[in-house]
Each structure stands twice: as C-alpha cells, then as structure tokens.
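Take a look at the letters that make up each chain.
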Amino acid sequence: MKLELSRVVQGCRLGKWTGLGKSAQHSLEVPGCLLYTRCATVPHLTQDTLHTIRDLPAVTQVSLDSLTTNLCLNDTVIFCSLHDSVKPRPAGYITNKTVSVWGSGGRMELTTARFMEIQAGIQPDCYQSMADGETWQANTSRKRVRKAVDRTLAHLDECLLLHQKTQELKHAEIFGVVEGGDVLEERLRSARETAKRPVGGFVLDGFHSAAMGPDVRAQLIQATSAELPQEKPRSKLHLNPSQVEIEQEARKSASETEAVSKAVGFWKRPQGSAVIVLGVGRPDEVISCVEAGVDLFESFFPFQVTERGCALSFPYAADPAPETSVPELNGESVTKLDGDETMTLFEMNLKDKRYKDDFRPLVQGCACFCCQKHTRAYVHHLLETNELLSGVLLMLHNTSHYLGFFRALREAIACDHLQDFKNRVLRHRKAD
Ligand SMILES: [Zn+2]
C-alpha cells in the first residue's frame, strides 16, 4: 500500500493510492473519497442499486460505532475509523485509558486492548489508531488540547505494539491520528510526533466543528500537512514485537533524536503516505483541504444532503459536450428550507413546491439512474408522501454527483485548470 504522486500543483497532490486489498490489486485515485457506510452498507442503497453508480471508490469506510455483527465486505478494501462523522456523540466520556463509541447497543468503552481485539475481528486493510478527539468544541483549553495529543500518541504506541503481535492484522496498516484542536503549536507537535512512528498514513481529526472557521481550518491543515513528510518511515511488517519494544524503550531512555534515528533504522522505507481528513465534506471545504495537502476524504456529505431531501446541483464540469454528463444549476437560485441552517448552497431543496410540476431531471445531463429515469416532480412527490424510494433516488444522484466532483477536481489539477474549476464550483458560495 503506497501513495504514488504524479503531480503537485499549488499544494494539491494528484496521484494514486495503490497496492490496496488482500490481493494488492486495488487502487484509489487522489484527491478522492472513501465510500461512506453505516452498518457496513451505503445508506438507502442495495448492492444492485449502488453498482449503477460509475467509478465507485475502491475503499469502503466502516466506523466502530456503526458496526454490525454480520459484516459482509469480503471483497472490499476497508478503512476502519473510530466514529461515524455524521452521528452526534456526547462529550465527557474519555479517560486516560479509554475512549467511548456509541453503537446500536449503547455506549462501548474501549481500552486499546479491546480496540485492537475488534480490529482483529474486522481485519481491515487500514484503520485509524485509537485517539482522543474531544477537542473540537470552541473554548477547549490549551491544557485539554495538550492532554488529547499526549493521550493520542500514547494510544498509538500501544496500538502499534499490539498490532505487531496480532496475526490477523499482519497485512493491515495503522494510520496515526493528528489531534490538537485549533492550537497550532499542538497540531504541529502531534503531526511531528506521529510522523516519527511507523504508521502507514495519517488521519487529521477534529476539523468537524462549525465552530472552526474555514480559514482557521485551512491554515491549520496546511501547517500540519507541511509537517507530514511525503516520504517517511513506514509500517514495518517484517519487525517482530521485540524490535518494536526496543524502539519504545529507546524513545523512553535516550534523547529523542537518538531514539528516533535508532528506531528509524529498523523501518522499511520510504513510501508515500496518504493523508485523510475526517469530518470535512462540503465541496468548498474539500477544495481548500486539497490545496492544503489532503489526499482523502470521507463521503458522508451526499448522505447528509439526501437526509434533508435535497439534491446536489452545483456545477463542476468544464466545457461540457451536449451529450455528456453535464451537471448544471440550470440558472436557478437556491431556496433554503425554512429554519434549516444545515442546507448549503451546493444543493436544491426538492421539498420545495416549485418542483411540483417540474418534469426535468434533477440535474440536466446527469448520467445517474435517478436523472435518467425520473423527474424533480416525481422525487418531490416521493418526499411529500414520505416514500422510502426518495432516499434511494436522492442517494444515487448525490453520490454520483459527488464522485463526479472529485473526478473533475483531479482533471483540473492534471490539466492546470484548478482556478477555473474553483471559480465554477465556488461561485454559489458567496451568498452562503
Ligand atoms: Zn443525477
């Protein structure tokens, strides 16, 4: 598993994450997204309907708080995260030794040992290390943020040790989690320290909050990414546990530099490492994170849009040929739902009565099953009558549109048209 970069333009990294899956045959283009799931399936969609969408991501994301006992993802490359970014989670349940996740059966308190047992059961291809991510609320104190970084590094060290001893995770990669809230100094420390460990990639956590303005987020991510080397020491599957213990002892006993250079000597290197940001999904925020050096995203955003009865409709395609898929806003203004502060200007509200007799597809030229077969009026009717089919059709369109956005973003980086692409996507953002 490695990230091969083909271009870096204005901070944007274009490339391919290769060698994925048990057979190492799968790959994922970056910038790109993982396939969002709940209970190991894409919400609203069956396998049949899901596969009407072209170019599905090769990597599926499962989270520990939406796990199901019958996990049927045999042929899939899995990235396992701790939390589902869409689900709210109560604060105040993290201790020095444990984190909590909320599944269907209520709260599960996880020690690193329990966390690793679950990972051994899932056998993901890669997974994020256990982390204290409870620093995203506004006004979190510096002391609390520092503690979160320390705990997360301690969890990572324990997870790495257990990882080496777990036969079921022999082919898996562990991703180190960078915490630090909105404190730049702590973000940098977290990134620097995590990069010293033999991780397969990096997870940037704690950027979910609406409390963090887009500019602060972009600056923090940019600074953090700069601390994460493109070529770095990586997973050392050839190491045995005793060697890992030597590394840990070395860290404790010797000076930091000496310990690290001693440890680095054991590691197989170098390979590119992927950077995943959690909790960021809006197209404008995705673009800004890509410019800051992020490779991969979750894809919960199309699901959130579907849940509020909306369809993604922002333009992203350049120079559209008339017969190809050309998502356009059709010159319409966007109407927000009354009292719905979550709706963004990248979507249209199909619950709006204006679509009652609108017999056009959701987005003119979109090649998805919904737009090919159905109309805005039909989806409006399904929403009005609370038909489950509305979720299916919207999820098909929204996922398809979102993947098309990432495809167009990669093309724009490849062809040096990034500014045009940004102008196109962001022109509706001004009024948001
Ligand atoms: Zn469509």
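What counts, and where the lines are drawn
Residues numbered from 1 in each chain as written. Predicted model: local features only at pLDDT ≥ 70, side-chain atom pairs only at ≥ 80, totals over all residues. Helix = DSSP H or I, 4+ residues; strand = E, 2+ residues; numbered from the N terminus. Contact = placed C-beta atoms within 7 Å. Core = buried A, V, L, I, M, F, W, Y, C linked by C-beta atoms within 7 Å. Buried ≥ 20, exposed ≤ 12 C-beta atoms within 10 Å, placed from the backbone. Pairing = 2+ DSSP bridges. Axes fitted to C-alpha atoms, helices over the stretch in contact; angles between N-to-C directions. UniProt positions renumbered as here; feature names shortened; annotations may be inferred. pLDDT = per-residue confidence, 0-100. Parallel < 35°, antiparallel > 145°, perpendicular 65-115°, else oblique. Nonpolar A, V, L, I, M, F, W, Y, C, P; charged D, E, K, R; others polar.

Brief notes about the overall build of the protein chain
Part 1: When its secondary structure is counted, the protein chain shows 13 helices and 18 strands.
Part 2: Contacts in the protein chain between residues far apart in sequence, at least 24 positions, make up 70% of those at least 6 positions apart.

Details of the nonpolar core
Part 1: Counting residues in hydrophobic clusters, the biggest one holds 107 residues, and the most contacted among them are Phe 175, Leu 204, Ile 276 and Val 277.
Part 2: Of all the elements, helix 12 (residues 389–414) adds the most residues to this core, at 11 residues.
Part 3: Setting aside its immediate chain neighbours within four residues, Ile 276 contacts Phe 175, Gly 201, Val 203, Leu 204, Asp 295 and Leu 296.

Structural notes on the sheet that holds strand 2 (residues 12–20)
Part 1: Across the sheet, which stays open at both edges, the three strands sit in the order 1-2-3 with antiparallel pairing between neighbours. Here the strands that pair on one side only, and so sit at the sheet edges, are strand 1 (2–9) and strand 3 (26–30). When the angles between neighbouring strand axes are averaged without regard to direction, this sheet yields 10°.
Part 2: Relative to strand 2, strand 1 runs antiparallel, the two sharing seven bridges. For Leu 3, the partnering residue across the bridge sits in strand 2 and is Trp 17.
Part 3: Helix 12 rests against strand 1, strand 2 and strand 3 of the sheet, and its axis sits at about 120° to strand 2.

Overview of unusual backbone geometry
Part 1: The omega torsion across Val 30 and Pro 31 is 0°, close enough to zero to call that bond cis.
Part 2: A positive phi angle, near 50°, is found at Gln 10, a position not held by glycine.
Part 3: Assessed through the 10 C-beta atoms surrounding it within 10 Å, Gln 10 is described here as exposed.
Part 4: Even without being glycine, Cys 39 reaches a positive phi, approximately 50°.
Part 5: You can see Cys 39 is positioned in the loop between strand 5 (35–36) and helix 1 (47–50).
Part 6: Assessed through the 15 C-beta atoms surrounding it within 10 Å, Cys 39 is described here as partly exposed.

Notes on the sheet that holds strand 12 (residues 201–204)
Part 1: The nine strands lie next to each other as 4-16-15-12-11-10-7-6-5, forming an open sheet whose pairing is parallel. Edge strands, defined here as strands with exactly one partner in the open sheet, are strand 4 (32–33) and strand 5.
Part 2: Note that strand 6 (residues 59–63) and strand 7 (residues 77–81) share five bridges and pair parallel. Counted as the bridge partner of Ser 63 is Ser 81 from strand 7.
Part 3: In the packing of helix 4 (residues 184–196) onto the sheet, the strands contacted are strand 11 (173–178) and strand 12, and the crossing angle to strand 11 comes to about 160°.

Considerations on the pairing of strand 8 (residues 99–103)
In the case of a regular strand, side chains alternate between the two sheet surfaces.
Part 1: Sheet topology note: the strand 8/strand 9 (residues 106–110) ladder contains five bridges and is antiparallel. Residue Trp 102 lies in a different strand from strand 9, and its bridge partner there is Arg 107.

Brief notes about helix 11 (residues 376–384)
Part 1: The complete set of buried residues in helix 11 reads Arg 376, Tyr 378, Val 379, His 380, Leu 382 and Leu 383.
Part 2: Tucked into the core, helix 11 has its buried residues touching helix 12.
Part 3: Directly beyond the C-terminal end of helix 11, a positive phi value near 55° is found at Asn 386.

Concerning the pairing of strand 3
Part 1: Inspection of the sheet shows strand 2 paired to strand 3 by four bridges, in the antiparallel sense. Residue pairing in the sheet places Trp 17 in a bridge with Leu 28 of strand 3.
Part 2: Hairpin connection from strand 2 to strand 3: five residues lie between these consecutive antiparallel strands, with Gly 21 at a positive phi of about 90°.

Side note on the UniProt feature "binding site: Zn(2+)" (unreviewed entry) in the protein chain
Part 1: Under the present numbering, the feature "binding site: Zn(2+)" (unreviewed entry) in UniProt falls on Cys 366, Cys 368, Cys 371 and His 397. Maximum C-alpha separation among the annotated residues is 8.3 Å over a sequence range of 32 residues, consistent with a single clustered spot.
Part 2: With respect to the helices and strands, the residue Cys 366 is situated in the loop between strand 18 (347–349) and helix 10 (369–373).
Part 3: Contact partners of His 397, with chain neighbours within four places excluded, come to Ala 311, Leu 362, Cys 366, Cys 368, Cys 370 and Cys 371.

What about the confidence of the model for the protein chain?
Part 1: Put simply, the protein chain has an average pLDDT of 85, and 81% of its residues get 70 or more.
Part 2: With pLDDT under 50 throughout, residues 253–270 is counted as low confidence; its partners more than four residues away or in other chains account for 26 contacts.
Part 3: Long-range and interchain partners of residues 321–331, a stretch whose pLDDT sits below 50, account for 25 contacts in this model, where long-range means more than four residues apart.

Re the environment of Thr 342
Part 1: Tracing the backbone shows Thr 342 in the loop between strand 17 (310–312) and strand 18.
Part 2: Separated by 37 residues in the primary sequence, Thr 342 and Val 305 have C-alpha atoms spaced 9.1 Å apart.

Focus on the packing of helix 3 (residues 142–165) against helix 4
Packed helices, taken two at a time, are described by their axes: the angle between them and the distance between them.
Part 1: Here helix 3 crosses helix 4 at 10°, and the two axes come no closer than 10 Å. As judged from the angle between their axes, helix 3 and helix 4 are roughly parallel. Residues Val 145, Arg 146, Val 149, Thr 152, Leu 153 and Leu 156 of helix 3 pack against Glu 186, Arg 189, Ser 190, Glu 193 and Thr 194 of helix 4.
Part 2: Residue composition of the contact of helix 3 with helix 4, grouped by class: four nonpolar, three polar and four charged.

With respect to the environment of Glu 298
Part 1: Positionally, Glu 298 belongs in the loop between strand 16 (296–297) and helix 9 (301–307).
Part 2: Judged by the 23 C-beta atoms lying within 10 Å of it, Glu 298 falls in the buried class.
Part 3: In this structure, the C-alpha to C-alpha distance between Glu 298 and Ser 85, residues 213 residues apart in sequence, is 8.5 Å.
Part 4: Not counting the four nearest positions on each side in its chain, Glu 298 is found in contact with Cys 33, Leu 34, Tyr 36, Gln 61, Ser 85, Leu 278 and Gly 281.

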